[in-house]
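What the coordinates show
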Amino acid sequence: MKLSEEHEQFRKAVRQVVENDINPHVDQWEDAKIFPAKQVFTKLAQIGALGLEYDPEFGGQGADHSYTLVLGEELGRIDCAGVPMAIAVQVGMATPALARFGTSELKKAYLEPAMRGEMVAAIGVSEPDAGSDVAGIRTKAVRDGDDWVITGRKMWITNGTQADWICLLARTSDEGGYAGMSQILVPTATPGFSVGRKIEKMGNWSSDTAELVFDEVRVPVSNTIGEVGRGFQQQMAQFQDERLIGAYMAVASMRKALDKTKDYLQQRDAFGKPLLANQYLQYRLAELYADVDVLEAFCRTCAQTYLDGGDVTRMATVAKLKAGRVQREVADACVQFHGGMGYAEEMWPARYFRDTRLTSIGGGADEVMLRVIALLEGMGKK
Ligand SMILES: Cc1cc2nc3c(=O)[nH]c(=O)nc-3n(C[C@H](O)[C@H](O)[C@H](O)COP(=O)(O)OP(=O)(O)OC[C@H]3O[C@@H](n4cnc5c(N)ncnc54)[C@H](O)[C@@H]3O)c2cc1C
C-alpha cells in the first residue's frame, strides 16, 4: 500500500495527540483503573480521527480505509492497551454498523456526537453464558407496540461504565441459533439500564470493562440498526472492522516494544559487555522483528484488499490470530530480556505482558479464529 504525504500529516497529528494528551497520563489512568474517555475522544475528534471512513453528511471525514490503518498504527504506540482498545471500540467496533445500516435520524442523534467525542459508545455482544458462541446469546427484545422491551445481561463490555449508548445484539424472535437477532441502539440513560459491576482484570486496567443489566429497558423500535432479524450477520461484518484495527495496533505496539528492549539491552552491561552483544539476544530479537515485518506486510495487504472492495473475512481472521500469537511471544521476550526489571511494575514490560494477553481472547479467541479458517478450508461443520 502506498501512503501519501497526506497520510503522513495525519500520522503526525495522531502522534501528537498520543504524545501530548495521552501518554503523559497513562500511569495515572492505569492506577485509577479508568481514563476520561470524553476528554481523550474530544482531542481525537479535533483531528478527525473518530469518523475517518464515515459520511461527511454526518460529520465524518469521507476518507478511505488506508487512514484507519495509519490511525491503528499510531494508537499502537500508546503506552498501555486499555486506552487504545477503548478508542478502537469507539471507531471500529461500536459505530461501524450504525454508520453502515443506521437511519439518518439515528446517525444524527448518536453517530455525529460519537464522532465529536461527546458521546461514548460501547458494543454489547458477549454475555455471562455466551462469548465465543455468539449464537448462544439470550438477551431478549420483545416488541410492545412501537417499542422494544429489553431484558438480559451483557458481560465484558468495554467503555461499559462510561458509555452513553450501546450497540446491542439481542434476540428479537424465538428462532434459535443465528436467526432472529437484531442490533438495537440503547441509550444508557434509559430506565431499567444499570451497570451491574465493573470487572477487575489482569491487564488493560485503564479501560473500564463492565457487566451490564437490562431490566425491561424500553427503547423505540426505530432504534433498530439495519434490518430486524439481520443482527447476527451485521455483527459479523462489524467484527471484521474490529479485527483489522486490532491487528494494525498490535503491529505498531510490538515494533515499539522491540525497539525499547533493544535500547535497554544496549545500555545494560553484564559479563563486561552490553547485553545486546550476545548473539542469542540479537537473533531472538531479529526473529521477532521478522515476525512483525511479515504481519505488518500482511496487514497492509489486507487493508488494500478492503480498500479494493474485496472480502477480507479470511485475512482479518488470520491477522487477528497471528497478532495475538506473535504479541504473546514479543511480550514474553521483552519481560525475559529485562530480567528482574521485566517483572517489576515500575517498568513497562510487566504492563505490556499483562495487556497483550488479551489479544488472543477478546474479540474472538484464537481457537475461534482457527475454527473460521478450518471452516474456510472445508474442515468441520458450521
Ligand atoms: C477485557 C475484555 C474486553 C472485552 N470487551 C468486549 C466488548 O466491548 N463487547 C463484547 O461484546 N465483548 C467483549 N469482550 C468479550 C470477548 O469478546 C470474549 O471474552 C471472547 O469472545 C471469549 O468469550 P468467553 O470469554 O465467553 O469465552 P468462552 O466462550 O467461554 O471460551 C473459553 C475458551 O474456550 C476456547 N474455545 C471457545 N470456543 C472454542 C471452539 N469452538 N473450539 C476450541 N476452543 C474453543 C477458547 O480458548 C476460549 O478462550 C471482552 C473481553 C475482555 C476480557
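Residues numbered from 1 in each chain as written. Predicted model: local features only at pLDDT ≥ 70, side-chain atom pairs only at ≥ 80, totals over all residues. Heavy atoms only, no water.

1. Let's talk about the domain arrangement of the chain
- Assigned domains of the chain: these are domain 1 (5-120), domain 2 (122-229) and domain 3 (233-376).
- Taken residue by residue, the interface counts 33 residues in domain 1 and 21 residues in domain 3.
- Here domain 1 packs against domain 3, burying approximately 2,200 Å² in sum over the two surfaces, 61% of which is carbon and sulfur.
- Three residues, His-65, Leu-69 and Met-93, lead the burial of domain 1 against domain 3; their summed loss comes to 26% of the area buried on that side.
- Residue Glu-73 pairs with Arg-300 through a salt bridge whose shortest N-O separation is 3.0 Å.
- There are 13 residue pairs in polar contact (both at pLDDT 80 or more) connecting domain 1 and domain 3.
- Within the residue set of the side of domain 1 that touches domain 3, elements represented by two or more residues are α2 (26-32), α4 (65-75), α5 (82-93) and α6 (96-101).
- A per-element tally of the side of domain 1 that touches domain 3 places α4 first, with eight residues.
- The residue inventory of the side of domain 1 that touches domain 3, partitioned by class, reads 15 nonpolar, nine polar and nine charged. (Domains from an automatic or database assignment. Contact = heavy atoms within 4.5 Å. Buried area = accessible area lost by both parts, 1.4 Å probe. Salt bridge = Lys/Arg side-chain N within 4 Å of Asp/Glu carboxyl O. Polar contact = N/O pair within 3.5 Å; in protein donor to acceptor, adjacent residues only side chain to side chain. Helix = DSSP H or I, 4+ residues; strand = E, 2+ residues; numbered from the N terminus. Nonpolar A, V, L, I, M, F, W, Y, C, P; charged D, E, K, R; others polar.)

2. Focus on α5
- With respect to burial, α5 is a largely interior element, twelve of its twelve residues being buried.
- For α5, the full list of buried residues reads Gly-82, Val-83, Pro-84, Met-85, Ala-86, Ile-87, Ala-88, Val-89, Gln-90, Val-91, Gly-92 and Met-93. (Buried < 20%, exposed > 50% of the residue type's maximum accessible area, 1.4 Å probe, protein only.)

3. Thoughts on unusual backbone geometry
- Although it is not a glycine, Asn-159 adopts a positive phi angle of roughly 70°.
- Among the secondary structure elements, Asn-159 is positioned in the loop between β3 (147-158) and β4 (165-171).
- Since its relative accessible area comes to 0%, Asn-159 is described here as buried.
- A positive phi angle is found at Glu-216, which is not glycine, with a value near 55°.
- Here Glu-216 is to be found in strand β7 (residues 209-220).
- Exposure remark for Glu-216: the relative accessible area of 56% places this residue in the exposed category.

4. Section: the nonpolar core
- In this structure, Ile-22, Leu-71, Ile-78 and Ile-87 are the most contacted members of the largest nonpolar core, which totals 57 residues.
- For this core, the element with the highest residue contribution is α5, accounting for seven residues.
- Ignoring sequence-local partners within four residues, the contact set of Ile-78 consists of Val-18, Ile-22, Asn-23, Val-26, Val-83, Pro-84 and Ile-87. (Core = buried A, V, L, I, M, F, W, Y, C linked by side-chain atoms within 4.5 Å.)

5. Some thoughts on the environment of Glu-211
- Within the secondary structure, Glu-211 sits in strand β7.
- Under the relative-accessibility criterion, Glu-211 is labelled buried at 8%.
- Residues Glu-211 and Ser-126 lie 85 residues apart in sequence; the distance between their C-alpha atoms is 9.6 Å.
- Once residues lying within four places of it in the same chain are set aside, the contact partners of Glu-211 are Pro-128, Arg-153, Lys-154, Met-155, Ser-194, Val-195, Gly-196, Arg-197 and Ile-199.

6. Quick notes on the state of the cysteines
- Evaluation of the coordinates by the stated rule reveals zero disulfides.
- Among the cysteines around Cys-299, which has no disulfide bond, Cys-302 carries the closest sulfur, lying 6.5 Å off. (Disulfide = S-S within 2.5 Å.)

7. Considering the site of the ligand
- In the vicinity of the ligand, 16 residues are found, and the nearest of them are Ser-126, Ser-132, Trp-156, Thr-158 and Glu-367.
- Between Ser-126 and the ligand, the recorded distance is 2.8 Å, taken from a side-chain N or O atom to a nitrogen atom.
- In isolation the ligand exposes 970 Å². Once the protein is present, 65% of that is buried.
- Counting residues per element, the ones that place at least two in the shell around the ligand are β3 and α13 (366-376).
- With three residues, β3 is the largest single contributor of residues to the shell around the ligand. (Near = heavy atom within 4 Å. Areas by Shrake-Rupley, 256 points an atom, 1.4 Å probe, with all protein chains shown as cover.)

8. Things to note about the side chain of Gln-90
- Along the chain, Gln-90 turns up in helix α5.
- According to the relative accessible area criterion, Gln-90 is buried, its value standing at 1%.
- Here the side chain of Gln-90 touches Ala-121 through a polar contact of 2.8 Å, landing on its backbone nitrogen.
- Not counting residues up to four positions away in its chain, the partners in contact with Gln-90 are Phe-41, Thr-95, Ala-114, Met-119, Val-120 and Ala-121.

9. Looking at the packing of aromatic side chains
- Within the structure shown, the criterion is met by eight aromatic pairs.
- With a centroid separation of 5.9 Å and 55° between ring planes, the pair formed by Trp-29 and Phe-35 is classed as tilted.
- On the basis of an interplanar angle of 65° and a centroid distance of 6.2 Å, the ring pair of Phe-35 and Phe-41 is categorised as edge-to-face.
- Site record: aromatic cluster; members linked through ring pairs are Trp-29, Phe-35 and Phe-41.
- Positioned above the aromatic ring of Trp-205, the side-chain terminus of Lys-33 is 5.1 Å from the ring centre.
- For the cation-ring pair, Arg-354 lies above Trp-205, with the distance from its terminal atom to the ring centre recorded as 3.8 Å. (Phe/Tyr/Trp six-rings, centres within 6.5 Å; stacked < 30°, edge-to-face > 60°. Lys NZ or Arg CZ within 6 Å of the ring centre and 35° of its normal.)

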